[in-house]
Amino acid sequence: MSQPDPRINIDRLIAELQCLAAISDCPEPPPAVTRVVFTETDLRARDYLTGLYEQAGLAVRVDAIGNTFARWEGAEPALPAVGSGSHTDAIPHSGMYDGTVGVLGVLEAIRALKSAGAQPRRSIEVLMFTSEEPTRFGMGCTGSRLLSGAITPDELAQLRDSDDQDYDQVRQAAGFNGPLDSVELPSEYYHAFVELHIEQGPVLEAERLDIGVVTAIAAPAALQFTVTGQGGHAGGVLMPARHDALTAAAEVTLAIERLAQQSRSPDLVATVGQLDVHPGAVNSIPSRVRFSLDIRDINNDNRDAVVREIGVQAQAIAERRGVAIGSRVLNADPPAIAADSIIDAVEAAADALRLSHRRMISRAYHDSLFIARVAPTGMIFIPCRGGVSHRPDEFSTPDQIKAGVQTLALTLAELAK
Ligand code: HGY
Ligand code: MN
Ligand code: MN
Ligand code: MN
């Protein structure tokens, strides 16, 4: 295959990112975005993308939970394809680049390769994962988990959303049917997989680098805690007699922060992002509080040791305060290690484009965390302003996006040879 001149039409790509950002449930205008899996808005975004993939001459198929594949057939279509993609769903009040740069960037990379006359031996396939964010079902990466066999159809079907609807009901109501056991990819389906994504951290910008070559993806775990106290009248129950679920939850939250700050691993991070107070009345002592814990580390064992210590300290708080504290693990995943073959291809592409680059870990998780279980996988990062993400002011410049897409195009061309 000739060395394609990845002439990226960045104006078109930015316009498409802006069109996609406008498909949002966020009360604030773009670049603030909210796009939750299996909502009407999510379905409109999928329609928009499918239209673009078909315009580009790609063959589109959708699986039983909405993972969307758009294939540029290679000269030898029977060979395992080279995959690339990311996600389109967006957490509430977030930004317009998380996931979408990878979903639209690979389309632009394919269009550039086609216009440069490339004819890959292997097919190149866009994969838009049905949902990467944990917003609706509490667990992230449900699409890539099922594709890679990291979760069984039964386990997936039992996930419930905040309206207590199960995953299976919701995906079918959104129009995705077919047996859940048809989703898992056949073995060796992909020859290689590469995901383009904003860094969601400050390193590349701080070091004035163009490209991040991901070597590993941190290991995420998600737990849900329930604190049960006695509740009661805000006026009638004197302080010594109280068993307040919210102040107990607050003490556990501070214990979590302290354990994360004191961890011997600098990569350990812990976040309580959701908290639900019952009955939630101004003059009623909270009787039940549920809160989430998102905890990660590149070192799996250290993460799990901190989770155990959190449990020990929570029980001590429960006894002292006369409340009950329970928890359940939603997921506790190992880290993913990028394949040398992908790392080498990305570095060679960046060198060919005279782009500065460095190897780095990903502190955010991505669908590549699971695809790495079934194919040689890697990621390409581009800088984002201030390292900010999951906020409306998330931003990467057109030049940064263009550099990422050019690197992706050359990487795909190399892997599809
Ligand atoms: O939370 C994450 O790391 C990803 O952005 N969903
Ligand atoms: Mn995200
Ligand atoms: Mn993402
Ligand atoms: Mn180099």
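Residues numbered from 1 in each chain as written. Chains lettered and ligands numbered in written order. Predicted model: local features only at pLDDT ≥ 70, side-chain atom pairs only at ≥ 80, totals over all residues. Heavy atoms only, no water.

Overall, the predicted model of the protein reaches an average pLDDT of 96, with 99% of residues at or above 70. Reported confidence for the predicted complex is 0.92 by ipTM and 0.93 by pTM. (pLDDT = per-residue confidence, 0-100.)

In this section: the coordination of the manganese ion (ligand 3). Binding of the manganese ion (ligand 3) to the protein goes through His87 (NE2), Asp98 (OD) and His197 (NE2), at separations of 2.1 to 2.3 Å. Spacing between the donor residues of the manganese ion (ligand 3) along their common chain follows H-x10-D-x98-H. For the pair the manganese ion (ligand 3) and the manganese ion (ligand 2), the metal-to-metal distance amounts to 3.6 Å, and aspartate 98 bridges them. Here histidine 87, found in strand β4 (residues 81-87), pairs with histidine 197, found in strand β7 (residues 190-198); they are 110 residues apart in sequence, far enough to count as distant. Per residue, the accessibility class of histidine 87 equals that of histidine 197, and both read buried. (Donors = N, O, S within 2.8 Å, 3.2 Å for Na, K, Ca; no water. Helix = DSSP H or I, 4+ residues; strand = E, 2+ residues; numbered from the N terminus. Buried < 20%, exposed > 50% of the residue type's maximum accessible area, 1.4 Å probe, protein only.)

On to the coordination of the manganese ion (ligand 4), then. Donor atoms from the polypeptide that coordinate the manganese ion (ligand 4) comprise Asp351 (OD), Asp351 (OD) and His357 (NE2), at 2.5 to 2.8 Å from the metal. Classification of histidine 357 as partly exposed rests on a relative accessible area of 23%.

Using the criterion set out here, one finds 9 aromatic pairs in the structure. Centre to centre, the rings of phenylalanine 38 and tyrosine 167 are 5.5 Å apart; their planes meet at 80°, and the pair counts as edge-to-face. Remark: tyrosine 167 occurs in helix α6 (residues 167-173) and phenylalanine 38 occurs in the loop between β1 (33-35) and α2 (40-55); sequence separation between them is 129 residues. As far as burial versus exposure is concerned, phenylalanine 38 and tyrosine 167 are alike and both buried. Pairwise contacts between aromatic rings join Phe69, Phe129, Tyr189, Tyr190 and Phe193 into one cluster. (Phe/Tyr/Trp six-rings, centres within 6.5 Å; stacked < 30°, edge-to-face > 60°.)

By domain assignment, the protein separates into domain 1 (10-218 + 335-415) and domain 2 (219-332). With 12 residues of domain 1 at the interface, the matching set in domain 2 holds 10 residues. Viewed at the interface, domain 2 and domain 1 are joined by 1 salt bridge. With a closest N to O distance of 2.6 Å, aspartate 267 and arginine 363 form a salt bridge. For the interface between domain 1 and domain 2, the tally reads 2 residue pairs in polar contact (both at pLDDT 80 or more). Partitioned by chemical class, the residues of the side of domain 1 that touches domain 2 number 9 nonpolar, 1 polar and 2 charged. (Domains from an automatic or database assignment. Contact = heavy atoms within 4.5 Å. Salt bridge = Lys/Arg side-chain N within 4 Å of Asp/Glu carboxyl O. Polar contact = N/O pair within 3.5 Å; in protein donor to acceptor, adjacent residues only side chain to side chain. Nonpolar A, V, L, I, M, F, W, Y, C, P; charged D, E, K, R; others polar.)

Attention now goes to the packing of helix α1 (residues 10-21) against helix α3 (residues 100-115). Packing of α1 against α3 leaves a shortest axis separation of 10 Å and a crossing angle of 145°. With respect to the hand of their crossing, α1 and α3 are arranged in right-handed fashion. Residues Arg12, Leu13, Glu16, Leu17 and Leu20 of α1 form the contact with α3, whose own contacting residues are Thr100, Val101, Leu104, Gly105, Glu108 and Arg111. Along the lines of polarity and charge, the residues of the contact of α1 with α3 split into 5 nonpolar, 2 polar and 4 charged. (Axes fitted to C-alpha atoms, helices over the stretch in contact; angles between N-to-C directions. Left-handed = near helix turned anticlockwise from the far one by under 90°.)

In the UniProt entry, the feature "domain: Peptidase M20 dimerisation" (unreviewed entry) is given for residues 223-311. Helix makes up 34% of residues 223-311 and strand 26%. Its end C-alpha atoms lie 11 Å apart. (UniProt positions renumbered as here; feature names shortened; annotations may be inferred.)

This part is about the site of ligand 1. Lining the immediate environment of ligand 1, one finds Glu132, Glu133, Gln200, Arg296, Ala364, Tyr365 and His390. Within the side chain of glutamate 132, one N or O atom sits 3.0 Å away from a nitrogen atom of ligand 1. One of the side-chain N or O atoms of histidine 390 is found 3.2 Å from an oxygen atom in ligand 1. Contact with the protein chains hides 94% of the accessible area of ligand 1, taken as 210 Å² for the molecule alone. (Near = heavy atom within 4 Å. Areas by Shrake-Rupley, 256 points an atom, 1.4 Å probe, with all protein chains shown as cover.)

A word on the side chain of serine 86. With respect to the helices and strands, the residue serine 86 is situated in strand β4. When near neighbours in sequence (up to four residues on either side) are disregarded, serine 86 contacts Gly99, Gly102, Val103, Leu127, Met128, Phe129, Glu195, Leu196, His197 and Asp367.

Looking now at helix α9 (residues 300-321). Helix length check: α9, at 22 residues, gives a terminal C-alpha distance of 32 Å against a target of 32 Å (1.5 Å per residue), a fit within 8%. At its buried positions, α9 is contacted by β9 (219-228), α8 (245-262), β12 (288-297) and β13 (324-332). One side-chain oxygen at the N-terminal end of α9 lies 3.0 Å from the backbone nitrogen of aspartate 301; it belongs to asparagine 299. Glycine 322 lies just past α9 and shows a positive phi near 70°. (Expected span 1.5 Å × (residues − 1).)

Buried residues dominate β7, accounting for 8 of its 9 residues. Alignment of β7 against strand β16 (residues 377-382), held across 6 bridges, turns out to be parallel. Paired with phenylalanine 193 across the bridge in β16 is threonine 377. (Pairing = 2+ DSSP bridges.)

What follows covers the nonpolar core. Ranked by size, the top nonpolar core spans 60 residues in total, and within it Leu17, Tyr53, Leu58, Leu104, Ile401, Leu408 and Leu412 carry the most contacts. With 9 residues, α3 is the single largest residue contributor to this core. With 29 residues, the next largest nonpolar core counts Ala157, Tyr189, Phe193 and Ile371 among its residues. (Core = buried A, V, L, I, M, F, W, Y, C linked by side-chain atoms within 4.5 Å.)

What follows concerns the environment of leucine 196. Looking at the secondary structure, you find leucine 196 in strand β7. In this structure, the C-alpha to C-alpha distance between leucine 196 and glutamate 28, residues 168 residues apart in sequence, is 27 Å. Apart from residues lying up to four places away in sequence, leucine 196 is in contact with Ser86, Val101, Gly102, Gly105, Ile380, Ile382, Gly404, Val405 and Leu408.

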